[in-house]
Amino acid sequence: DGHIYGLPNYDKGFTPTTNTVMYINSDWLKKLNLAVPTNYDEFYEVLKAFKTQDPNGNGKADEIPMSFVKEEYASPWFYSFGALDNTNSYSKHLSVKDGKVVFAANQPEYKEAVKYFNKLFSEGLIDQEAFTQDNSMFNAKLKAYPERQVGVFAAWRSNAWKNAAQTEDDYIAVPPLASPDGMRCWPEMDRGVTKRASFVITSSCKNPELALRWADTFYS
């Protein structure tokens, strides 16, 4: 009839409520006698200590206090700063706040987050290759052993980059940091209908009814 129809993507969700968690090098914290940071001021001080106090003990200034891959694992930090960004569509920056659709990138919280992370980046507390490296480079840095390179990262699970000789508690989860106004939040994994037109059939399909019944089984 001149229209193109599609079935949406439906995600019933996983057991975890978030798709990324912030992890910190527990061994470095112990060596430097530091506590797990609870807010962004403490986070800054921990990263600075990681950079300047040789926590991996090799006598070289090769520590990377914090690393990520482009916006893939950076967006949650903006969210926890109070900037309710859309973590599944980084470039759109659309979110719902108090029942209204807002453009997150021009909200005051987002601007404050930009200032904060620019400070970290300019002081060398964030991996200088964070916006250009790919996953293989990122993984190689996280797998460095026994001389660890990375202090903080965000990922699906802490042992995703674990080598055989490493223990799963080398990195421990960090609760959401308190933003400057005391807010603590972390993006929840999208559930339910997440994308439109994830399944379509063409005009050459000989049995549209059968094709749609086949697709319908996936929803069950």
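Each chain has its residues counted from 1, running along the sequence as written. Only residues with pLDDT of at least 70 are given local features in this predicted model, and only at 80 or more are side-chain atom pairs given and counted; all residues enter the totals for whole chains, interfaces and linings. The side-chain values count all of the structure's non-hydrogen atoms but skip hydrogen atoms and water molecules.

Visitor: I tried to follow the side chain of Ser 179 on my own but got confused; where do I start?
Guide: The residue Ser 179 is located in the loop between strand E7 (171-173) and strand E8 (192-199) in this model. Within the structure, Ser 179 has its side chain in polar contact with the side chain of Asp 181 (distance 2.4 Å). Two residues form a contact once any of their heavy atoms are found within 4.5 Å. Ignoring anything within four residues of it in the chain, the contact list for Ser 179 reads Tyr 40, Ser 80, Phe 81 and Gly 82. A run of DSSP states H or I qualifies as a helix once it reaches four residues; a run of E qualifies as a strand once it reaches two. Both are numbered from the N-terminal end. For the purposes of these results, a polar contact is taken to be a pair of N or O atoms within 3.5 Å, where, inside protein, one atom must be able to donate a hydrogen and its partner to accept one; residues adjacent in sequence count only when each atom of the pair is a side-chain atom.

Visitor: Quick question: what am I supposed to make of a nonpolar patch on the surface here?
Guide: Any residue with relative accessible area above 30% and no salt bridge may belong to a patch, with like charges joined within 9 Å and the nonpolar Val, Leu, Ile, Met, Phe, Trp and Tyr side chains within 5 Å. Accessibility throughout is a Shrake-Rupley quantity obtained with a 1.4 Å probe, and a residue counts as covered only by protein chains that appear here. Each salt bridge in this description consists of a side-chain nitrogen of Lys or Arg and a carboxyl oxygen of Asp or Glu lying within 4 Å of one another. Taken together, the side chains of Leu 94, Val 96, Val 101 and Phe 103 present a nonpolar region at the surface, about 390 Å² in accessible area. Breaking the nonpolar patch down by element, the ones donating at least two residues are strand E4 (94-97) and strand E5 (100-103). Residue placement: Val 96 occurs in strand E4. With relative accessibility at 58%, the residue Val 96 sits in the exposed group. Exposure is judged per residue with a 1.4 Å probe applied to protein chains only, and the accessible area is read against the type maximum: over 50% gives exposed, under 20% gives buried, and values in between give partly exposed.

Visitor: Sorry if this is basic, but what is going on with the sheet that holds strand E6 (residues 150-155) here?
Guide: Strands were regarded as paired on the criterion that DSSP finds at least two bridges between them. Spatial ordering of the open sheet is given by E3-E6-E2-E7, a layout of four strands whose pairing is mixed. Sheet topology places strand E3 (64-66) and E7 at the edges, where each strand pairs with a single neighbour. Here the average twist between neighbouring strands, direction ignored, is 30 degrees. Of the strand pairs in this sheet, strand E2 (residues 21-25) and E6 are connected by four bridges, and their pairing is antiparallel. Bridging across to E6, Tyr 23 finds its partner in Phe 153. The axes are straight lines fitted to the C-alpha atoms, using for helices just the contacting stretch, and the angles between their N-to-C directions are given from 0 to 180°.

Visitor: How should I be thinking about the pattern of salt bridges in this particular structure?
Guide: When the charged atoms of two side chains with opposite charge come close together, those side chains can pair. Evaluation of the coordinates by the stated rule reveals six salt bridges. Residues Asp 127 and Lys 141 are paired through a salt bridge, measuring 2.7 Å at the closest nitrogen-oxygen approach. Residue Asp 127 is found in the loop between helix H4 (108-122) and helix H5 (135-143), and its partner Lys 141 is found in helix H5; the two are separated by 14 residues along the sequence. An identical accessibility class is assigned to Asp 127 and Lys 141; each is buried. The structure contains a network of salt bridges with shared partners spanning Asp 127, Glu 129 and Lys 141.

Visitor: Where do I start with helix H2 (residues 40-52) in this structure?
Guide: Residues lying three or four places apart along an α-helix face the same way, a consequence of the helix completing one turn every 3.6 residues. Across its 13 residues, H2 extends 18 Å between first and last C-alpha, which sits within 8% of the 18 Å expected from 1.5 Å per residue. Within H2 the residues assigned to the buried category are Tyr 40, Phe 43, Tyr 44, Val 46, Leu 47, Ala 49 and Phe 50. On its buried side, H2 packs onto E2, helix H1 (26-31), E3, helix H3 (75-80), H4 and E6. Regarding H2, its N-cap is Asn 39, as a side-chain oxygen of that residue lies 3.1 Å from the backbone nitrogen of Asp 41 further along. Phi turns positive, to about 50 degrees, at Asp 54, one or two residues after H2. Expected helix span is computed as 1.5 Å times (number of residues minus one).

Visitor: Would you mind going over unusual backbone geometry with me for this structure?
Guide: Glycine aside, residues mostly have negative phi, and peptide bonds are mostly found in the trans state. Following Tyr 145, the chain continues to Pro 146 via a peptide bond in cis, the omega torsion being 5 degrees. Following the sequence through the fold, Pro 146 ends up in the loop between H5 and E6. In this structure, Asp 54 is a non-glycine residue whose phi angle is positive, near 50 degrees. Here Asp 54 is to be found in the loop between H2 and E3.

Visitor: Sorry, what's going on with the nonpolar core here?
Guide: Generally speaking, a soluble globular protein has its nonpolar side chains buried in company with each other. To define a nonpolar core, start from buried Ala, Val, Leu, Ile, Met, Phe, Trp, Tyr and Cys residues and group those joined through side-chain atoms within 4.5 Å. By size, the foremost hydrophobic cluster in this structure holds 32 residues, and its most contacted members are Phe 43, Phe 50, Met 66, Trp 77, Phe 117, Leu 120 and Val 152. Of all the elements in the fold, those that place two or more residues in this core are E2, H1, H2, H3, H4 and E6. The element contributing the most residues to this core is H2, with seven residues. With residues up to four places along the chain from it excluded, the contact list for Trp 77 reads Met 22, Tyr 40, Phe 43, Met 66, Phe 68, Phe 117, Val 152, Phe 153, Ala 154 and Trp 186.

Visitor: Please clarify how the environment of Arg 191 should be interpreted in this entry.
Guide: Residue position: Arg 191 is located in the loop between E7 and E8. Arg 191 sits in the partly exposed class, given a relative accessible area of 33%. Once residues lying within four places of it in the same chain are set aside, the contact partners of Arg 191 are Asp 11, Lys 12, Gly 13, Phe 14, Pro 16 and Thr 17.

Visitor: Mind showing me how you'd approach the environment of Asn 56 here?
Guide: Topologically, Asn 56 is positioned in the loop between H2 and E3. Residue classification places Asn 56 among the buried residues on the basis of a relative accessible area of 10%. The sequence separation of Asn 56 and Ile 201 amounts to 145 residues, and the corresponding C-alpha distance is 55 Å. Among residues more than four places away in sequence, those in contact with Asn 56 are Trp 28, Lys 31, Asp 62, Glu 63, Glu 147 and Arg 148. Side-chain polar atoms of Asn 56 contact the side chain of Asp 62, separated by 3.1 Å. Reaching out from Asn 56, the side chain makes a polar contact with the backbone oxygen of Arg 148 at a distance of 2.8 Å.

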